[in-house]
Amino acid sequence: SAPFWSLGTPLIEVDAARYAEIAREMVETGDWAPPTLNYLDYVEKPPLWYWLAATSYKVFGVSEAAARLPLALLSLLGLLGTAWLGSWLCSPKTGLTAAILLSSCGLYFFLSHYITLDMGLTVFLLWCSALILRSLVFPSDARWAAPAAWTFAGLAFLSKGLVAILFPVGWVILLLFLFPQWRRPARALLSPLGIALFTALVLPWFILMDRRHPGFLHFFFTEQHFQRYLTEKYQRTSPWYFFLLVLPAGLIPFTPAALEALLTTARGWRKSPGLTALAVWAAMVLAFFSTSQSKLATYILPVVPHLALLAAHALEREPPAWSQRLAWG
C-alpha cells in the first residue's frame, strides 16, 4: 500500500508542478504532441510520463492524486519486477524480501510520490535488465525474453532518452567480458522482433517532433544529452563523490545489508554470476552518473532495485559483526 499512500498531497515543488501542468495542458488542448508548458512547446524530455499523467487526468479528473497515480502504478510495477527477478535468480523468498525492502527504501518511496521522470526510467530499466539476464541464464527463454527486453528499453527511452540504450548495452558488454559462458546466449539478444518493437515505439515520436520542430534532434541529443553530461551548461554540478553520499542515505533502512552484499559479491564474483551481474549494474550506473557534469539526487534511482535484491540475499545469511553494529547501533 506504500505507493498509494497520501497521493493527494499538494504539489509544492517546482519540477513536480511543472510536469503535472504539462499533462493538464495536453488534456485541455487535446494535442498530445508536442508537450506544452504555459502553452509553449516544451520538448526537453521524452513524452511517456506526460502521456501517462494525461491519461490519468482523463479517467479520474485533474487532481494531485491523479497526477501521482502513474507514479504509484510504476513503483508497484517495479516491486513486481524485483520480486520476479529475485524469484528465479535466487528464490521466491528472496524476491519477496527484496520487494519489501524496496518498498520501504527512502529514495524509492519518495520518488513514488514526487513527480519526476526517474521512476519510469528506473522501472523500465529494471524489467529490461531482468529480461536480459533471463536470456543469458536461461537461453531457451530468449525467444520471448529478448523481445520483451527491447520493448522495455523502448519504454525507458520514451521516459528519459539515450541512457535506455547506453545502460543495457554497456552492462551486457561488461558481463560478456566477465563471464565468457554467456557470449553464445547473448547472440539471441540481437532479436529482430525486439529491435522492430523498440523502433516502433521510439521512432514515430522523433519523426513527428523533427517535422514540427526542425532542429529538434540536435537539441534533444546534442544539448539535452551530451552537453548536459559533458559540460556545466545546466548548472547542476556537484563533486564526483556526490552519489557516494546520496546513495547510502537513499537506501535506508537496508544500507548495511546492501554494503555487505556488494563486498561479499566482489570477493566471490565468479561463484555467483547472477548476483555479480546485479552488482555490476549498480557499479556501472553509479560510475556513469558520478562522472556526469549534471547531478541530481534522483538520478541514482536505477541502482536501487538491484541493490535491494542483493541486500535481500545478504539478509538470508548471518551478517558480519560490523554490519550488525552499523544496522542496530
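Residues numbered from 1 in each chain as written. Predicted model: local features only at pLDDT ≥ 70, side-chain atom pairs only at ≥ 80, totals over all residues. Heavy atoms only, no water.

A.B. asks: Could you clarify how one ought to interpret a nonpolar patch on the surface in this entry?
C.D. replies: Residues Trp240, Tyr241, Leu244 and Leu245 make up a contiguous nonpolar surface patch of about 460 Å² in total accessible area. Following the sequence through the fold, Leu244 ends up in helix H11 (residues 242-250). (Patch = residues over 30% accessible without salt bridge, like charges linked within 9 Å, V, L, I, M, F, W, Y side chains within 5 Å. Areas by Shrake-Rupley, 256 points an atom, 1.4 Å probe, with all protein chains shown as cover. Salt bridge = Lys/Arg side-chain N within 4 Å of Asp/Glu carboxyl O. Helix = DSSP H or I, 4+ residues; strand = E, 2+ residues; numbered from the N terminus.)

A.B. asks: What should I look at first to understand the packing of helix H6 (residues 118-137) against helix H13 (residues 273-290) in this one?
C.D. replies: Helix-helix packing is characterised by the crossing angle of the two axes and by the distance between the axes. At their nearest, the axes of H6 and H13 sit 11 Å apart, and the two run at 145° to each other. In this structure, H6 meets H13 at a crossing whose hand is right-handed. Contacts from Leu125, Ser129 and Leu133 in H6 reach Gly274, Ala277, Leu278 and Trp281 in H13. Looking at side-chain class alone, the contact of H6 with H13 contains 5 nonpolar, 2 polar and no charged residues. (Axes fitted to C-alpha atoms, helices over the stretch in contact; angles between N-to-C directions. Left-handed = near helix turned anticlockwise from the far one by under 90°. Contact = heavy atoms within 4.5 Å. Nonpolar A, V, L, I, M, F, W, Y, C, P; charged D, E, K, R; others polar.)

A.B. asks: Mind showing me how you'd approach the packing of aromatic side chains here?
C.D. replies: For any two aromatic rings, the description comes down to two numbers: the centre-to-centre distance and the angle of the planes. Throughout the structure, instances matching the rule amount to 28 aromatic pairs. Aromatic pair Trp150 and Phe198: ring centres 5.8 Å apart, planes at 75°, arrangement edge-to-face. Here Trp150 is found in helix H7 (residues 142-160), whereas its partner Phe198 is found in helix H9 (residues 192-212), with 48 residues between them in sequence. Ring geometry for Trp171 and Trp281: centres 5.3 Å apart, planes at 90°, overall edge-to-face. In this pair, Trp171 sits in helix H8 (residues 163-178) while Trp281 sits in helix H13, placing the two residues 110 residues apart along the sequence. For the cation-ring pair, Arg134 lies above Trp88, with the distance from its terminal atom to the ring centre recorded as 5.0 Å. (Phe/Tyr/Trp six-rings, centres within 6.5 Å; stacked < 30°, edge-to-face > 60°. Lys NZ or Arg CZ within 6 Å of the ring centre and 35° of its normal.)

A.B. asks: Looking at this model, I keep getting lost on empty space enclosed by the protein. Mind explaining?
C.D. replies: A water-sized probe, rolled over the atoms, reveals where empty space remains. In this structure the tally under the stated criterion is 2 cavities of 30 Å³ or more. What the largest cavity holds in volume is close to 60 Å³. Lining the largest cavity are Leu48, Trp49, Leu52, Leu74, Thr116, Leu117, Gly120, Leu121, Phe124 and Ser159. Put simply, the parts of the chain that give the lining of the largest cavity at least two residues each are helix H2 (48-60) and H6. Class assignment of the residues belonging to the lining of the largest cavity gives a composition of 7 nonpolar, 3 polar and no charged. (1 Å grid on protein atoms, 1.4 Å probe; cavity = no way out; pocket = protein on both sides within 12 Å on 5 of 7 lines; lining within 4 Å. Points joined across faces, edges and corners; volume = space filled by probe spheres on them.)

A.B. asks: Sorry, what's going on with unusual backbone geometry here?
C.D. replies: When glycine is set aside, most residues are seen to have a negative phi, and most peptide bonds are trans. In this chain, Ala33 is followed by Pro34 through a cis amide linkage whose omega measures 0°. Looking at the element boundaries, Pro34 is found in the loop between helix H1 (14-29) and strand S1 (36-37). In this chain, Ile252 is followed by Pro253 through a cis amide linkage whose omega measures 20°. Structurally, Pro253 is set in the loop between H11 and helix H12 (255-267). Look at Asn38: it is not a glycine, yet its phi comes out positive at around 55°. Residue placement: Asn38 occurs in the loop between S1 and strand S2 (40-41).

A.B. asks: I tried to follow H12 on my own but got confused; where do I start?
C.D. replies: Quick reminder: α-helices carry 3.6 residues per turn. Residues three or four places apart thus point the same way. Here H12 contains 13 residues, and its C-alpha end-to-end distance of 19 Å stays within 8% of the 18 Å for a straight helix at 1.5 Å per residue. Within the sequence span of H12, burial applies to Thr255, Pro256, Ala257, Ala258, Glu260, Ala261 and Thr265. (Expected span 1.5 Å × (residues − 1). Buried < 20%, exposed > 50% of the residue type's maximum accessible area, 1.4 Å probe, protein only.)

A.B. asks: Would you mind showing me how to read the environment of Leu117 here?
C.D. replies: Structurally, Leu117 can be placed in the loop between helix H5 (106-111) and H6. Look at Leu117 and you get buried, because its relative accessible area is 4%. Taking the C-alpha atoms as reference points, Leu117 and Asp41, separated by 76 residues in sequence, lie 18 Å from one another. Setting aside anything within four residues of it in sequence, one finds Leu117 in contact with Tyr19, Lys45, Trp49, Ser159 and Lys160.

A.B. asks: Honestly, the layout of surface pockets in this entry has me stumped. Any pointers?
C.D. replies: The calculated volume of the largest pocket comes to roughly 690 Å³. Around the largest pocket, the lining is made up of 32 residues, and of these Lys45, Lys160, Gln224, Arg228 and Tyr299 lie nearest the centre. Broken down by secondary-structure element, the contributors of at least two residues to the lining of the largest pocket are H1, H6, H8, helix H10 (216-230) and H13. Among the elements that take part in the lining of the largest pocket, H10 stands out by supplying 7 residues, more than any other. Per-class residue counts for the lining of the largest pocket are 18 nonpolar, 6 polar and 8 charged. Lining the second largest pocket we find 19 residues, and of these Leu247, Leu259, Leu262, Leu286 and Leu307 sit closest to its centre.

A.B. asks: Looking at this structure, how should I read the confidence of the model for the protein chain?
C.D. replies: Reading predicted coordinates in detail is not appropriate for stretches of low pLDDT. Averaged over every residue, the pLDDT of the protein chain is 91; the share at 70 or more is 94%. Between the elements of the protein chain, mean pLDDT differs from a low of 54, seen in helix H15 (residues 321-328), to a high of 98, seen in H6. (pLDDT = per-residue confidence, 0-100.)

A.B. asks: Looking at this structure, how should I read the nonpolar core?
C.D. replies: With 107 residues, the main nonpolar core has Leu85, Leu133, Phe167, Trp171, Phe254, Ile300 and Val304 as its most contacted residues. Take this core: its biggest share by element is 13 residues, from H6. Sequence-distant contacts of Phe254, that is, excluding residues within four places in its chain, are made with Leu101, Leu102, Cys105, Val304, Leu307, Ala308 and Ala311. (Core = buried A, V, L, I, M, F, W, Y, C linked by side-chain atoms within 4.5 Å.)

A.B. asks: I keep staring at the pattern of salt bridges and nothing clicks. Help me out?
C.D. replies: One side chain can pair with another of opposite charge once the charged atoms of both are near each other. Taken as a whole and judged by the stated rule, the model has 7 salt bridges. Linking Glu28 and Arg24 is a salt bridge whose minimum nitrogen-to-oxygen distance equals 2.7 Å. Highlighted residues: Glu28 and Arg24, both in helix H1, separated by 4 residues, approximately one helical turn. Owing to a relative accessible area of 24%, Arg24 belongs among the partly exposed residues under this scheme. Bridged by salt links that share partners, the residues Glu21, Arg24 and Glu28 form one connected network.

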